[in-house]
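Remarks on the overall topology
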Amino acid sequence: MPDDTTVIAQRFSAILTSRPCRRLDYWVGGMHVTGAGLATIARAITIGGKNGKGIGIKIAKISSGAEAGYDPATNEILIPGRDWASSDRFQRLALVHEGIHALRDLQGRSVTWNGKAYRPLSMTDEATAYLGGCLFDIYWQEECLGSVSENPLWLMQRKAAIHAVAYKVARDHANRTSGSAITLDELLLMNRTYRKSKRLVGVPVNSRFDNDGIPMPAGKRR
């Protein structure tokens, strides 16, 4: 019988390789998010942090009060309980959010943009992840509900303004050609919104995450 971690890893992998996730293909500030990239994260999760490789799962209290978290130092996804993301819609999109943070970590310290090494600010990494979670939910609505809500229940239950802004940007972006970048105005709006919300709780906003890569077995990274 599989242990809890294996069951959770299988659940997370299924979400990150689902049809709505496979449709993700967008650019934000030098970061390219694709379904193929998140499939690599799904494989890293199934490896499970064994022998110092892949991505581990840790059940722990999230000190920031967030739904979940990703720690680039330990290559672990932090969740509040074993049943997290098993049925709750917002938790599933939050997993995609954390998967995108893991994807950024997989790329190491810098990304390549316009032929140059580029290290985005943490708030741009957050904008990328918020947008991806919202796009995932929009694609899920199209697949499962047949239409996209302007104000879904999960969004009405959120207090942070960044969710509403990211969802609006995602609704606009969902109508663009796959592989497109969001506009500079959209990125600046999300960054301003994120900066304001974090300033209220005293969190540095002009910082960068300590992305240092994720060790993967030979032949598993692409």
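Overview of the structure.

This part takes up the packing of helix H4 (residues 89-106) against helix H5 (residues 122-144). At a minimum axis distance of 8 Å, the contact between H4 and H5 shows a crossing angle of 135°. Between H4 and H5, the angle is such that the two are oblique. Once H4 is placed against H5, the crossing between them reads as right-handed. Across from Arg89, Arg92, Leu93, Val96, His97, Ile100, His101 and Arg104 in H4, the residues of H5 making contact are Asp125, Glu126, Thr128, Ala129, Tyr130, Gly132, Gly133, Phe136, Asp137, Trp140 and Gln141.

Another aspect to go through is the pattern of salt bridges. A complete count under the given rule lists 10 salt bridges for this structure. A salt bridge links aspartate 4 to arginine 82; the nearest nitrogen and oxygen atoms lie 2.9 Å apart. Highlighted residues: aspartate 4 in helix H1 (residues 4-16) and arginine 82 in the loop between strand E5 (76-79) and H4, separated in sequence by 78 residues. What makes aspartate 4 partly exposed here is its relative accessible area of 39%. A salt bridge links arginine 89 to aspartate 137, with the nearest nitrogen and oxygen atoms 2.7 Å apart. Linking arginine 89 in helix H4 with aspartate 137 in helix H5, this pair joins segments that are 48 residues apart in sequence. A relative accessible area of 2% means that aspartate 137 is categorised as buried. One salt-bridge network, held together by shared partners, links Arg19, Arg23, Glu142 and Glu143.

What follows concerns the sheet that holds strand E4 (residues 69-71). In spatial order, the strands read E3-E5-E4; together these 3 strands make up an open sheet with mixed pairing. Both edges of this open sheet fall to strand E3 (56-59) and E4, since each of them pairs with a single strand only. Each adjacent strand pair in this sheet contributes to an overall mean axis angle of 30°, direction not counted. Packing of H1 onto the sheet brings it into contact with E3 and E5, and relative to E3 it is tilted by some 115°.

With that settled, consider unusual backbone geometry. The backbone of alanine 85 sits at a positive phi, close to 70°, despite the residue not being glycine. With respect to the element layout, alanine 85 can be found in the loop between E5 and H4. Judged by its relative accessible area of 2%, alanine 85 is buried. Here the phi dihedral of asparagine 114 falls at roughly 55°; this positive angle occurs in a residue that is not glycine. With respect to the helices, strands and loops of the structure, asparagine 114 is situated in the loop between strand E6 (111-113) and strand E7 (116-118).

The rules we used
Here the residue index of a chain counts from 1 through its sequence in written order. Residue-level local features of this predicted model are given only where pLDDT is at least 70; pairs of side-chain atoms are given and counted only at 80 or more, and the full residue set underlies all totals for whole chains, interfaces and linings. Working from all heavy atoms in the structure, the side-chain values ignore hydrogens and water. Lines fitted to C-alpha atoms define the axes here, with helix axes fitted over just the stretch in contact, and angles between the N-to-C directions of these axes take values from 0 to 180 degrees. Helical segments are the DSSP runs of H or I of at least four residues, strand segments are the runs of E of at least two, and each set is numbered from the N terminus. An angle below 35 degrees is treated as roughly parallel, one above 145 as roughly antiparallel, one from 65 to 115 as roughly perpendicular, and anything else as oblique. When the near helix sits turned anticlockwise from the far one by under a right angle, the crossing is termed left-handed; a clockwise turn instead gives a right-handed crossing. What makes two residues a contact is simply this: any of their non-hydrogen atoms within 4.5 Å. The term salt bridge refers to a side-chain nitrogen of Lys or Arg lying within 4 Å of a carboxyl oxygen of Asp or Glu. Between buried and exposed lies partly exposed: a residue is buried under 20% and exposed over 50% of the maximum accessible area for its type, with that area taken using a 1.4 Å probe on protein chains only. Two strands qualify as a pair provided DSSP detects at least 2 bridges between them.

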